[in-house]
2 protein chains.
Amino acid sequence: MKNAPHNQESARKLTLLGSTGSIGKNCLDVVRQHRDLFSVRYLSAHQNADLLIKQAMEFRPHGVIITDPQFFENTRKELSGICRVYAGMEEMLAILEDPETDLVVNALVGGAGVMPTFTALRYGRDVALANKESLVVAGRLIMDLVKQKECLLLPIDSEHSAIWQCLQGEDRETVKRIILTASGGPFRDWPKEKLTEVTPEQALAHPNWNMGQKISIDSATLMNKGLEVIEAYWLYNLPVDQIDIVIHPQSIIHSLVEFRDGSLKAQLGHPDMRIPIQYALTFPGRLDLNIKNFSLEDIGELNFEKPEVNKFPCLKIAIEAIREGGTRTAVLNAANETAVRKFLNGEIKFTDIARLIDKTLQAHNPLQEYRLDEILEIHDWAQQYSHKISL
Amino acid sequence: MKNAPHNQESARKLTLLGSTGSIGKNCLDVVRQHRDLFSVRYLSAHQNADLLIKQAMEFRPHGVIITDPQFFENTRKELSGICRVYAGMEEMLAILEDPETDLVVNALVGGAGVMPTFTALRYGRDVALANKESLVVAGRLIMDLVKQKECLLLPIDSEHSAIWQCLQGEDRETVKRIILTASGGPFRDWPKEKLTEVTPEQALAHPNWNMGQKISIDSATLMNKGLEVIEAYWLYNLPVDQIDIVIHPQSIIHSLVEFRDGSLKAQLGHPDMRIPIQYALTFPGRLDLNIKNFSLEDIGELNFEKPEVNKFPCLKIAIEAIREGGTRTAVLNAANETAVRKFLNGEIKFTDIARLIDKTLQAHNPLQEYRLDEILEIHDWAQQYSHKISL
């Protein structure tokens, strides 16, 4: 750990990639509650220039990046005299070299987050990672960099933050397995046959978490849990057989670790992303956070059941992909992104998402070892291939 | 911590007080599974000479103590050539000076465990404490000694072990509150009026834990949870208002800690005392233990509700005693021991337990500060007083 979050004279400087999304907004709410401890160095958004401008006005960063260049001119005009304005992905990657940044928070959506994670680590920056695709696409390369650069890679996903918290003060060698909890999504109780009729609106209505579109659909197909298994595989260096999943509809227990003595630790709390976000920002310490009171007696009941792999084939496909390893999980991710987009556009059915991913994986000639350029090329190929194929 | 449990050349030597009780037998089962890591220095029992002899044959301690002298001669004869045999409480206290002992496990029942805890600490021994009465009777004196002698006081109670485990790797300053779980005992669902009819047999049948008689009755009255609040008050140095109780009938979550950021950690597992016992023996590490597989999906459901303080007045009396502090909790403990014995003997009704304790507390002139001799004298007084009074 190079940047101790406490015992420092000045506020900790954050560069927040994807500040206008769900995680980005929650992250800024955490900063808002601790203005003396955190300051914003850079903010980035893709197309939501209006909100980015508003955020820059409030948090007064050193600079902002709008990655879609068509919004550059207007953003620059609006923020004239406030902060620097950059445009495009290349400039985003360039600002990650900034030595004034203490922590990069990567809250980008999808495969677009891979290069920023890789670049930030290459520059020796600690990274708080909400972009699970970074590890799904290029897990081995990223974990190699974390080790080589002695950086911290702090999970922001609620499940991985839960495990991270449960592992504090424990010897990793004593871990028997980790158990990721899954809400089961909005179709947990639906009969399998009915899933062909699912509409995007139904799939976007997550029972517990208020999240972005992509992750909401991934939660509905259980692909999100599959991606989390892959993420956990890399973050915690555990074989797939030591990563289990349990359906827990209330999303109160965020995940668990079982130790070799039969003792388990769980992290729990309201499903509020500000908790894992703030933990990544304050690790290994904790700060106050204005969360509503937690009461197990008010919650009353926590339920658990086995995931129905046959009803949700995406989960099985993801687990097989990481079990076989290599470039397969990058293809899985790219095909899933295409499939989710097509489903949201009304081009394919909900049940076609798994079929489209499966077909793309079948067409892929996997490599076990890969370089960054190779994996990005394979990701591009899979995006294009999955876009074109007919089911 | 003076005695590191790992990285040592020879086995860790345990002195186990109360080896023939429920905790004692479980502790020896843990030792049995790790004969290369643990050895037994002394064993003690009160009257169960047969089992003590059998245990000595198996574990070959340096010596055994039988505290009831009428069993001395026979024990000495049976163990001739096997190990030394001592009799009585004074000899038990004397062997605690033994510098060869690495850890004293105090599994004695009731107020009889106070002096051994105190004495072991005074000799600078680390203590694993199953005898919660030590802290209930003389919490301040014991915690002062722990600090002064820089000893470890490791909790064996499942709830306090749970909290101890959840606090590893965390800054104590970030704790908002702890939450002790309680099964609610066998009469959780009984109407209040029916409690006058409770028989000892009914009260001894605990739904989840297989325990000794005293603690089973304490669980049925919820006094056990009251004693645990007092124990937690001392062990974790928290005001009473930061110690909450939630009824959790399945006894799977053994307790929880809530932190200032709204995040909670829980420790869970099968209700098997070997887990907290072994944790105290291996702390801060963990070893394998032959516990049956744990599966949240098989358990299916965890429930939580508010404790019914009006139905179980012992809980309220205990919390008031520690809130007001001083010598009151010693009186509470002594009166409770008398009341439980009288109930088991058929002398008083189940609902008289609280009444007898309350009456004894009313007759007590409390001191806020006390020395060891004073608190033991008060404990004796309360035993005698509670024995004599009529309800």
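Remember, predicted model here, so these are calculated numbers, not experimental data.

### Comments concerning the sheet that holds strand S2 (residues 38-45) of chain B
Residues and elements named next belong to chain B. Taken in spatial order, the seven strands of this open sheet run S4-S3-S2-S1-S5-S6-S7, and their pairing is parallel. Looking at strand neighbours, the two that pair on one side only are strand S4 (84-87) and strand S7 (153-155), the edges of this open sheet. Looking at each pair of strands side by side, their axes are set apart by 20° on average, direction ignored. Relative to S2, strand S1 (residues 12-17) runs parallel, the two being bridged by six bridges. From the neighbouring strand, Leu16 faces S2, where its bridge partner is Leu43. With respect to the sheet, helix H6 (residues 133-149) is in contact with strand S5 (103-106), strand S6 (126-129) and S7, its orientation differing from that of S7 by roughly 140°.

### Observations regarding the environment of Arg260 of chain A
Note that Arg260 of chain A resides in the loop between strand S10 (253-259) and strand S11 (264-268). For Arg260 of chain A, a relative accessible area of 28% gives the class partly exposed. Along the primary structure Arg260 of chain A and Leu121 of chain A are separated by 139 residues, whereas in three dimensions their C-alpha atoms are 33 Å apart. Within the structure, the side chain of Arg260 of chain A is placed 3.0 Å from the side chain of Asp288 of chain B, a separation counted as a polar contact.

### Details of the packing of aromatic side chains
Taken as a whole, this structure holds 16 aromatic pairs over all chains when the rule is applied. With centroids separated by 4.9 Å and ring planes inclined at 85°, the aromatic side chains of Tyr233 of chain A and Trp234 of chain A adopt a geometry described as edge-to-face. Between Phe187 of chain B and Phe350 of chain B, the aromatic rings sit 5.2 Å apart at their centres with planes inclined by 70°, giving edge-to-face as the arrangement. Here Phe187 of chain B, found in the loop between strand S8 (175-182) and helix H8 (200-204), pairs with Phe350 of chain B, found in the loop between helix H14 (328-344) and helix H15 (352-363); they are 163 residues apart in sequence, far enough to count as distant. Of the residues examined, Phe187 of chain B reaches a relative accessible area of 1% and is grouped as buried. Joined through ring pairs, the aromatic side chains of Phe187, Trp190, Phe343 and Phe350 of chain A make up one cluster. The residue whose ring lies beneath Arg286 of chain A is Phe259 of chain B, and the NZ or CZ to ring-centre distance is 4.3 Å.

### Considering H6 of chain B
Residues and elements named next belong to chain B. For H6, which comprises 17 residues, the first-to-last C-alpha distance of 21 Å sits more than 12% below the rise-based estimate of 24 Å (1.5 Å per residue). Along its length, H6 shows its largest kink, about 100°, at Gly139. Among the 17 residues in H6, 12 count as buried, and that is most of the element. Within H6, burial applies to Glu133, Ser134, Leu135, Val136, Val137, Ala138, Gly139, Leu141, Ile142, Met143, Leu145 and Val146. Following H6 by one or two positions, Glu150 has its phi on the positive side, about 55°.

### Brief notes about unusual backbone geometry
Outside of glycine, negative phi angles account for most residues, and trans bonds account for most peptide bonds. At the junction of Phe283 of chain A and Pro284 of chain A, the peptide bond is cis and its omega measures out at 5° in the coordinates. The backbone of Ser251 of chain A sits at a positive phi, close to 50°, despite the residue not being glycine. Residue position: Ser251 of chain A is located in the loop between strand S9 (243-247) and S10. The exposure class assigned to Ser251 of chain A is buried, which follows from its relative accessible area of 6%. Residue Arg60 of chain B is not a glycine yet carries a positive backbone phi of 45°. Within the secondary structure, Arg60 of chain B is located in the loop between helix H2 (49-59) and strand S3 (63-66).

### A short note on the state of the cysteines
Applying the stated criterion to the full structure yields zero disulfides over all chains. Sulfur of Cys166 of chain B: no disulfide; nearest cysteine sulfur belongs to Cys166 of chain A and is 7.9 Å away. Its relative accessible area of 0% is what places Cys166 of chain B among the buried residues.

### Description of helix H15 (residues 352-362) of chain A
Turning to H15 of chain A, its buried residues number three or more, namely Asp352, Ile353, Ala354, Leu356, Ile357, Thr360 and Leu361 of chain A. Next to the buried residues of H15 of chain A lie helix H9 (213-221), helix H10 (223-235), helix H13 (313-324), helix H14 (328-344) and helix H16 (372-388) of chain A.

### Some details on the confidence of the model for chain A
Any region with low pLDDT has predicted coordinates that should not be read closely. Residues and elements named next belong to chain A. When pLDDT is averaged along chain A, the result is 95, and 98% of the positions lie at 70 or above. Across residues 1-8, where pLDDT falls below 50, the model places 20 contacts with residues more than four positions away in sequence or in other chains. As scored by the predictor, the complex reaches a pTM of 0.95 and an ipTM of 0.95.

About the criteria used
- Residues numbered from 1 in each chain as written.
- Chains lettered and ligands numbered in written order.
- Predicted model: local features only at pLDDT ≥ 70, side-chain atom pairs only at ≥ 80, totals over all residues.
- Heavy atoms only, no water.
- Pairing = 2+ DSSP bridges.
- Helix = DSSP H or I, 4+ residues; strand = E, 2+ residues; numbered from the N terminus.
- Axes fitted to C-alpha atoms, helices over the stretch in contact; angles between N-to-C directions.
- Contact = heavy atoms within 4.5 Å.
- Buried < 20%, exposed > 50% of the residue type's maximum accessible area, 1.4 Å probe, protein only.
- Polar contact = N/O pair within 3.5 Å; in protein donor to acceptor, adjacent residues only side chain to side chain.
- Phe/Tyr/Trp six-rings, centres within 6.5 Å; stacked < 30°, edge-to-face > 60°.
- Lys NZ or Arg CZ within 6 Å of the ring centre and 35° of its normal.
- Expected span 1.5 Å × (residues − 1).
- Bend = angle between axes of the 7 residues up to and from the residue.
- Disulfide = S-S within 2.5 Å.
- pLDDT = per-residue confidence, 0-100.

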